[in-house]
Amino acid sequence: MESAATSAAPVSRLKPESVELRTRRLVAARRRATALLAAVTVLFIAVTVAGAHGTLLSYVQAGAEAAMVGGVADWFAVTALFRHPLGLPIPHTALIVERKDQFGATLGQFVVENFLNGDVLAERIRSAGLARRLAGWLSDPDNAARFAGHAADVVVTLAGTLRDEDVQSALTAEVVRAAATVEVAPLAGRAVGVMIAGGHHEALFDGFVSAADGYLADHREELRVRFEAEAPRWLPDAVYGRAFDRLYTKLRERLTAMAADPDDEARQQFNAWIAGLPERLRTSPELRERGESIKRDLLASAGLRDWTSLLWKNAKETLRAQAADPDSELRRRLAGALTAAGRRLSSDPALQQSLERVVESGARTLADQFHDELAGLVTGTIQRWDATETSTQLELLLGRDLQFIRINGTVVGAGVGLALHAIALAVG
């Protein structure tokens, strides 16, 4: 049985030859074969005309005659493959031209059964050591970087083939579907609980107080005008103005005290209120319904569609920029992941075997699933070829070697003729 190392050895590749070179070689080989046939024919005629006197000449005549017959027979056989000999429509000649489609069907079936079946592919995959070679290739950072660049370009190309409207609709539908399963009020309650656990509610209270004080500072005159507009007409403006100034000053002092005193009553009331808020959000039907109503309004709004559209647009632009930059974070991370995967695969024989089993299974599945399609590919391709052109191309490819069949037939014929003549003399 052939060893795996032997079976995995690379097959030498034939160098491509031009049509002109093949034509010259075919013509030269055909001339040699025809010249040899002509030579034995001339020898046979010369010996026959001179009269075969003596044992030696009889052997020459017999050998030349048999060589001529062998050469002619092989010339006929070789020529009959590609065309009608001497242009005569002899049955079972010009086989390639006449039976091209049959040859195509037979060849397609032969290729699939003997080259593209599951067992052959699996054996080739095992002997090729694909997992080990892939691991070595990916372990090279340069290879991983190139592969990462190609992968990023493929992703960008695929993203470019998608219609923005379709992606935006899909994103919107997915956001709506995901949000529909989440109740807003309990989620908000958990968020408030996390905020309280981290002590952030104190900063929230301070923020409210600071915002109120800032509003008072920025709108003093506006508030004065509104306050005085509500004053009775009989009350002097100076009195009402002093009342506003006193009230305004006291209010700001109160806000300052609330912000400065950790034990301020208002702060304690706020802390007590917000401490019970998570439980109320979790259990209160009214708050739960209010949260769901807000969620429904948000999901039905045009703002959500605009947001998903902007999200997809920004994602595409970011992906395109990251893919185009060799030093981008995307390509660096992808290359690093590929290199790490290659090293892991290289050091883990079990993983290599698992990967090869997956590849083998995939190859078997494809071969079994597309058996008829593969055979049809070969058959259909050959059927589309022009019969005469196909015959000509095959003759250029194989004709030079087939001309040696004519030479061999001439030589072997001569040997057989001599042997038969010797036997005839021996028994005569």
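Residues numbered from 1 in each chain as written. Predicted model: local features only at pLDDT ≥ 70, side-chain atom pairs only at ≥ 80, totals over all residues. Heavy atoms only, no water.

Draft legend 1. Structural detail: the overall build of the chain. When helices and strands are tallied, the chain shows 20 helices and 0 strands. The C-alpha atoms of the chain give a radius of gyration of 47 Å, which is well past the 22 Å a tight globule of 428 residues would have. C-alpha atoms of the chain, sized along the principal axes, occupy 165 × 50 × 40 Å. Here the chain holds 428 residues, and the buried ones make up 28% of them. Nonlocal contacts in the chain, meaning residues at least 24 apart in sequence, comprise 72% of its contacts between residues at least 6 apart. Counting only carbon and sulfur atoms, one obtains 63% of the accessible surface of the chain, whose full area is about 27,800 Å². Between the mean site of the 49 positive side-chain charges and the mean site of the 53 negative ones, the chain shows a separation of 5 Å. (Helix = DSSP H or I, 4+ residues; strand = E, 2+ residues; numbered from the N terminus. Rg over C-alpha atoms; globule rule 2.2 N^0.38 Å. Buried < 20%, exposed > 50% of the residue type's maximum accessible area, 1.4 Å probe, protein only. Contact = heavy atoms within 4.5 Å. Areas by Shrake-Rupley, 256 points an atom, 1.4 Å probe, with all protein chains shown as cover. Lys, Arg positive; Asp, Glu negative; His and termini not counted. Charge placed at Lys NZ, Arg CZ, Asp CG, Glu CD.)

Draft legend 2. Representation of the environment of Arg-288 within the structure. Of note, Arg-288 is situated in helix α15 (residues 285–300). Between the C-alpha atom of Arg-288 and that of Leu-255, which follows or precedes it by 33 residues, the distance is 33 Å. Discounting chain neighbours no more than four positions away, the residues touching Arg-288 are Glu-183, Ala-185, Pro-186, Leu-281, Arg-282 and Thr-283. A distance of 2.6 Å separates a polar atom in the side chain of Arg-288 from the backbone oxygen of Arg-282. (Polar contact = N/O pair within 3.5 Å; in protein donor to acceptor, adjacent residues only side chain to side chain.)

Draft legend 3. Representation of the packing of aromatic side chains. A full pass over the atoms with the stated rule returns 4 aromatic pairs. The interplanar angle of 45° and the centroid separation of 5.2 Å between the aromatic rings of Phe-205 and Phe-270 together place this pair among those described as tilted. Taken together, the residues Phe-205 in helix α11 (residues 200–218) and Phe-270 in helix α14 (residues 265–283) connect sequence positions 65 residues apart. Pair check on accessibility: Phe-205 and Phe-270 agree, each one buried. Note on Phe-270 and Trp-273: the rings are 6.1 Å apart at their centroids and 35° apart in plane angle, and the pair reads as tilted. Pair noted here: Phe-270 and Trp-273 are both in helix α14, with a separation of 3 residues, about one helical turn. Classification of Trp-273 by relative accessible area gives partly exposed; the value is 46%. (Phe/Tyr/Trp six-rings, centres within 6.5 Å; stacked < 30°, edge-to-face > 60°.)

Draft legend 4. Quick peek at the side chain of His-421. Inspection of the secondary structure puts His-421 in helix α20 (residues 387–427). With a relative accessible area of 18%, His-421 lands in the buried category. Side chain to side chain, His-421 and Ser-58 meet in a polar contact 3.0 Å long. Residues within four places of His-421 in sequence aside, it is in contact with Ser-58, Tyr-59 and Ala-62.

Draft legend 5. Just the pattern of salt bridges, in detail. In total, this model carries 19 salt bridges according to the counting rule given. Within the structure, one salt-bridge network assembled from shared partners comprises Arg-30, Arg-83 and Glu-395. (Salt bridge = Lys/Arg side-chain N within 4 Å of Asp/Glu carboxyl O.)

Draft legend 6. Geometry of helix α17 (residues 329–347). The terminal C-alpha atoms of α17, which comprises 19 residues, lie 27 Å apart, in line with the 27 Å expected from a rise of 1.5 Å per residue. Of the residues making up α17, those classed as buried are Arg-331, Ala-335, Leu-338, Thr-339, Gly-342 and Leu-345. Buried residues along α17 cover an arc of 130° about the axis, so they all sit on one side. The exposed residues of α17 that point more than 90 degrees off its buried face are Arg-333, Arg-343 and Ser-347. Next to the buried residues of α17 lie α7 (130–139), α8 (141–161), α16 (302–324) and α18 (349–369). (Expected span 1.5 Å × (residues − 1). Arc of directions from axis to C-beta.)

Draft legend 7. Layout of the packing of α17 against α18. Here α17 crosses α18 at 100°, and the two axes come no closer than 5 Å. Here α18 runs roughly perpendicular to α17, going by the angle between their axes. Of the residues in α18, those touching α17 at Arg-344, Leu-345, Ser-346 and Ser-347 are Pro-349, Leu-351, Gln-352 and Leu-355. Across the contact of α17 with α18, the residue classes tally to 4 nonpolar, 3 polar and 1 charged. (Axes fitted to C-alpha atoms, helices over the stretch in contact; angles between N-to-C directions. Parallel < 35°, antiparallel > 145°, perpendicular 65-115°, else oblique. Nonpolar A, V, L, I, M, F, W, Y, C, P; charged D, E, K, R; others polar.)

Draft legend 8. Quick look at a nonpolar patch on the surface. Side chains of Val-412, Val-416, Leu-420, Ile-423 and Val-427 sit close together on the surface and give an oily, nonpolar patch of about 490 Å² of accessible area. With respect to the secondary-structure elements, Val-427 resides in helix α20. (Patch = residues over 30% accessible without salt bridge, like charges linked within 9 Å, V, L, I, M, F, W, Y side chains within 5 Å.)

Draft legend 9. Highlighting the nonpolar core. In terms of nonpolar packing, the biggest core is built from 14 residues, with Phe-205 and Met-258 touching the most fellow members. Of all the secondary structure elements, the ones that give two or more residues to this core are α10 (184–197), α11, α13 (237–260) and α14. It is α14 that contributes the most residues to this core, 5 residues altogether. Counting residues in hydrophobic clusters, the runner-up holds 6 residues, among them Leu-37, Val-40, Ala-64 and Met-68. (Core = buried A, V, L, I, M, F, W, Y, C linked by side-chain atoms within 4.5 Å.)

Draft legend 10. View of the confidence of the model for the chain. When pLDDT is averaged along the chain, the result is 82, and 93% of the positions lie at 70 or above. The element-level mean pLDDT for the chain is lowest in helix α1 (residues 4–7), coming to 39, with helix α2 (residues 19–50) highest at 89. This model gives residues 1–12 a pLDDT under 50, and the stretch forms 6 contacts once residues within four places in sequence are excluded. (pLDDT = per-residue confidence, 0-100.)

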